[in-house]
Amino acid sequence: MTFTKTATQIKKSALNELAKTRDINTLAFWRKEYLGKVGKFTKLTRQIAQLPAKERASAGKAVNELKQALAKALQEREKQFHELPPSPVSRSQLSTFFDLTAPGADFQLGHLHPITQMRQYAEDIFVRMGFEVFEAREVDDDYHNFESLNMPPQHPARDLWDTFWTEDELVLITHTSSMQHRILLGQKPPIRAIIVGRCFRHEATDASHEHTLNQIEGLYVDKGIKLPDLIGTFKKFLDEFSQRDIKMKIQPSHFPFVEPGIEFLLDCAICFGTGEVEGERCSTCGGSGWLELAGAGMVHPSVLAEAGLDPQKYSGFAWGFGLDRLVMVKYGIENIRHFYSGDLRFIRQF
Ligand SMILES: [Zn+2]
């Protein structure tokens, strides 16, 4: 192949390859391949010395033309890259240069869900009061959710909680009391336990009812524990948690695993206990001015005996309250459904 022909071929492939370069980096490879110390152009130039004297003039001319063509094409290509809009993407393509001092792109950091934040806050208070924290199983068996809590099969109280069963006869827990038997069994009082967990109910959802709720259970068994101990402990916690003077009402109630059973009600944080908001019935408390917060009572002697504790010797109290309700009261949230709505406008307020 003649020298001139080789030069033409190099030119053709060089321009071809140049058109395929995508950025400054690939352009650098191209430059090395054609114009570098061992590049195709340089190699061709060196061949001139070995040519017969008569051919050298035309070869020199071909080389010069090739050099000019390549230099011009390279210059134009470089210019194209530098004229690209300075978007972050094209900038990173243009160069490997990385500016550590450049301000970063806006990035919104998330945070824990308000329920989780408040659960941890409540746990801290109880731990300071001497309680140990346990976590409930979300799925449990009939014995722990019902039978060990003084609700044998066919007990009418089960109807209220006869909810979500799996095919192998496990139940999505209806209350964190499902852990009571495990905690009491084989322990020597004093027993001070807090049980946290998600519970599932067959509820028609409205402003203050959800099918899924976060419950915090308290369990305290020792010698000589009485109802005032329950009321005092619970009030102490509420004062700490809410940092405001919450009004509390106690009314009798019935749960098979306590005797006597009571209910704690708190003044509604939306209507401030008046039952009305701007002349309308308050939808959060249903106009009563009170929100049911917790079921509680003295642990039933049968529950103690089932766990091997002598009811003649020991007594205790237990409560279970909905954390969601309490967070509503603390922050004046009017609808419990906000918690699970996934609406970031709501979540970001906490
Ligand atoms: Zn209200």
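## Re the confidence of the model for the protein
Next, step 1: Looking at the protein, the pLDDT average stands at 88 and 95% of residues meet or exceed 70.
Next, step 2: No element of the protein has a lower mean pLDDT than helix α5 (residues 88-94), at 55, and none a higher one than strand β1 (residues 132-135), at 96.

## So, the sheet that holds strand β4 (residues 191-200)
Next, step 1: Across the sheet, which stays open at both edges, the seven strands sit in the order β1-β4-β5-β11-β10-β7-β6 with mixed pairing between neighbours. Of all strands in the sheet, those bounded by a partner on one side alone are β1 and β6 (248-253). Between one strand axis and the next, the sheet turns through 25° on average, direction left out of account.
Next, step 2: Bridge count between strand β7 (residues 258-267) and strand β10 (residues 290-299): eight bridges; the pairing is antiparallel. Bridge pairing in β10 links leucine 266 to leucine 291.

## A short note on unusual backbone geometry
Next, step 1: Each neighbour pair has its own omega, and for proline 189 with proline 190 the value is 5°, a cis peptide bond.
Next, step 2: Tracing the sequence through the fold places proline 190 in the loop between α9 (180-184) and β4.
Next, step 3: The omega torsion of the bond from glutamate 259 to proline 260 falls at 0°, within 30 degrees of zero and hence cis.
Next, step 4: Here glutamine 154, not a glycine, exhibits a phi torsion of approximately 80°, which is positive.
Next, step 5: Within the secondary structure, glutamine 154 sits in the loop between α7 (142-145) and α8 (158-161).

## A closer look at the coordination of the zinc ion
Next, step 1: At 2.3 Å from the zinc ion lie its protein donor atoms, namely Cys268 (SG), Cys271 (SG), Cys282 (SG) and Cys285 (SG).
Next, step 2: Here the zinc ion binds four donor atoms, and the angle range of 103 to 115° at the metal identifies the geometry as tetrahedral.
Next, step 3: Sequence positions of the residues that donate to the zinc ion give the spacing C-x2-C-x10-C-x2-C. One end of the pair, cysteine 271, is in the loop between β7 and β8 (276-277); the other, cysteine 282, is in the loop between β9 (280-281) and β10, with eleven residues separating them in the sequence.
Next, step 4: For cysteine 271, a relative accessible area of 3% puts it in the buried group.
Next, step 5: Overall, cysteine 282 belongs to the buried group, its relative accessible area being 1%.

## Topic: helix α6 (residues 114-128)
One full turn of an α-helix is made of 3.6 residues, so residues set three or four places apart face in the same direction.
Next, step 1: With 15 residues, α6 extends 21 Å between its outermost C-alpha atoms, agreeing within 8% with the 21 Å of an ideal straight helix rising 1.5 Å per residue.
Next, step 2: Of the positions making up α6, those classed as buried are Pro114, Ile115, Met118, Ala122, Glu123, Ile125 and Phe126. End-on, the buried residues of α6 take up no more than an arc of 165°, which puts them together on one face.
Next, step 3: Phi turns positive, to about 100°, at glycine 130, one or two residues after α6.

## Re helix α1 (residues 3-20)
Next, step 1: Its 18 residues place the ends of α1 26 Å apart at the C-alpha level, agreeing with the 26 Å of an ideal helix rising 1.5 Å per residue.
Next, step 2: At its buried positions, α1 is contacted by α2 (24-35), α3 (40-47) and α4 (53-82).

## Some details on the side chain of histidine 175
Next, step 1: The residue histidine 175 is located in the loop between β3 (170-172) and α9 in this model.
Next, step 2: A polar contact of 2.9 Å, which involves the side chain of histidine 175, links it to the backbone oxygen of asparagine 145.
Next, step 3: Discounting residues that sit within four places of it in the chain, histidine 175 has contacts with Asn145, Leu149, Met151, Trp161, Cys199, Arg201, Gln215 and Phe257.

Cut-off values and rules
- Residues numbered from 1 in each chain as written.
- Predicted model: local features only at pLDDT ≥ 70, side-chain atom pairs only at ≥ 80, totals over all residues.
- Heavy atoms only, no water.
- pLDDT = per-residue confidence, 0-100.
- Helix = DSSP H or I, 4+ residues; strand = E, 2+ residues; numbered from the N terminus.
- Pairing = 2+ DSSP bridges.
- Axes fitted to C-alpha atoms, helices over the stretch in contact; angles between N-to-C directions.
- Donors = N, O, S within 2.8 Å, 3.2 Å for Na, K, Ca; no water.
- Tetrahedral: all angles 85-135°; square planar, octahedral: opposite > 155°, others 65-115°.
- Buried < 20%, exposed > 50% of the residue type's maximum accessible area, 1.4 Å probe, protein only.
- Expected span 1.5 Å × (residues − 1).
- Arc of directions from axis to C-beta.
- Contact = heavy atoms within 4.5 Å.
- Polar contact = N/O pair within 3.5 Å; in protein donor to acceptor, adjacent residues only side chain to side chain.

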